[in-house]
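Structural characterization, general
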Amino acid sequence: MWETKLLSAVPESQVFTRQALYNLFKENNKDLSYNSVGWIIDEGLKSNLLFKVGPDSYSRKKETRNTYFPRYSEFSKELLSKLEERFPELEYTLFETLLLNEFVNHLYAHNILVLQVEKDLCPFTFDFLNELFPGKVLYNPSSDDLGRYQSDNCIILENRISEAPFDKENPHFITLEKLLVDTVSDKAFKELIPTSEVSNIYENAKLIYKSDLTKIRRYAKRRNAWSKVEALLEKGN
């Protein structure tokens, strides 16, 4: 049937939103209306020519990628434990550069942490951490400060951006969606991650893990970085 031909022409190596499928179908059937896309998707799902791999995400292949779960260093685990004990209601997210070693070509030997905390409580968090790890905590450092004072297991303290994606079961762990967006939008991340590695991070993350495009888009727009993120997501497709 004609819808089978449309679905069979969908590349197997990519993930598509409903709008992207409509654009692709339209190339082969100029008379196709947008309302018809829902019916074609339903037929594809029933016949296993199409699989739903996420919210508004479809692919010719069943999802074989894993769910991302950050594997923190012992130092980060200690930090998270102390923060949970001292500030049980505090909203924060922790990133460390060692998490990038599964995505980049040049591995990180030294570990730098980025702790993003709700703005009003950043000063209290800084005082607490500075007592525990004297000389290792930098609060919203400049590029010069990062170059001058960063050391192994240095903690960069930043204001947390609202509406960031988070894991309900592990609310202080960084999600893949947030990691990808912060890679190109956060000041500290951009200082720590070479520009040459950004494409590698996106490419390998897409190959290994599944992600929620809706969350990525919403957070990227919140950080005024959607055009950069979209270009990186589409690169190599």
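Note that this is a predicted model, so its numbers are computed, not measured.

The rules behind these values
- Residue numbering note: each chain is counted from 1, following its sequence as written.
- At least 70 in pLDDT is required for a residue's local features to be given in this predicted model, at least 80 for side-chain atom pairs to be given and counted, and no such filter applies to totals for whole chains, interfaces and linings, which use all residues.
- The side-chain figures draw on all heavy atoms in the structure; neither hydrogens nor water molecules are used.
- Runs of H or I in DSSP of at least four residues are treated as helices and runs of E of at least two as strands, each being numbered from the N terminus.
- Burial classification: accessible surface area is computed with a 1.4 Å probe over protein chains only, and a residue below 20% of its type maximum counts as buried, one above 50% as exposed, and the rest as partly exposed.
- The contact definition used throughout considers only heavy atoms, calling two residues in contact when any of these lie within 4.5 Å.
- To obtain an axis, a line is fitted to C-alpha atoms, over the contacting stretch when the element is a helix, and the angle between two such axes runs from 0 to 180 degrees between their N-to-C directions.
- Working rule for angles: under 35 degrees goes down as roughly parallel, over 145 as roughly antiparallel, 65 to 115 as roughly perpendicular, anything else as oblique.

**Some details on unusual backbone geometry**
Of note in this structure, Asn48 is not a glycine but carries a positive phi near 60 degrees. Here Asn48 lies in the loop between helix 3 (35-46) and strand 2 (51-54). Accessibility expressed as a relative area gives 49% for Asn48, which makes it partly exposed. The phi dihedral of Glu163 falls on the positive side, at around 70 degrees, and the residue is not glycine. Secondary-structure assignment places Glu163 in the loop between strand 8 (154-159) and helix 7 (176-185).

**Thoughts on the side chain of Thr17**
Within the secondary structure, Thr17 is located in the loop between strand 1 (15-16) and helix 2 (18-28). For Thr17, a relative accessible area of 13% translates into the label buried. In contact with Thr17, other than residues within four places in its own chain, are Asp56, Leu213 and Arg217.

**Structural notes on the environment of Gln19**
For Gln19, the position within the fold is in helix 2. When its relative accessible area of 39% is taken as the criterion, Gln19 is described as partly exposed.

**Comments concerning the packing of helix 2 against helix 3**
Relative to each other, helix 2 and helix 3 sit at 100 degrees, their axes nearing to 10 Å. In terms of axis orientation, helix 2 runs roughly perpendicular to helix 3. Here helix 2 contributes Arg18, Leu21, Tyr22 and Phe25 to the contact with helix 3, which in turn contributes Val37, Gly38, Ile40 and Ile41.

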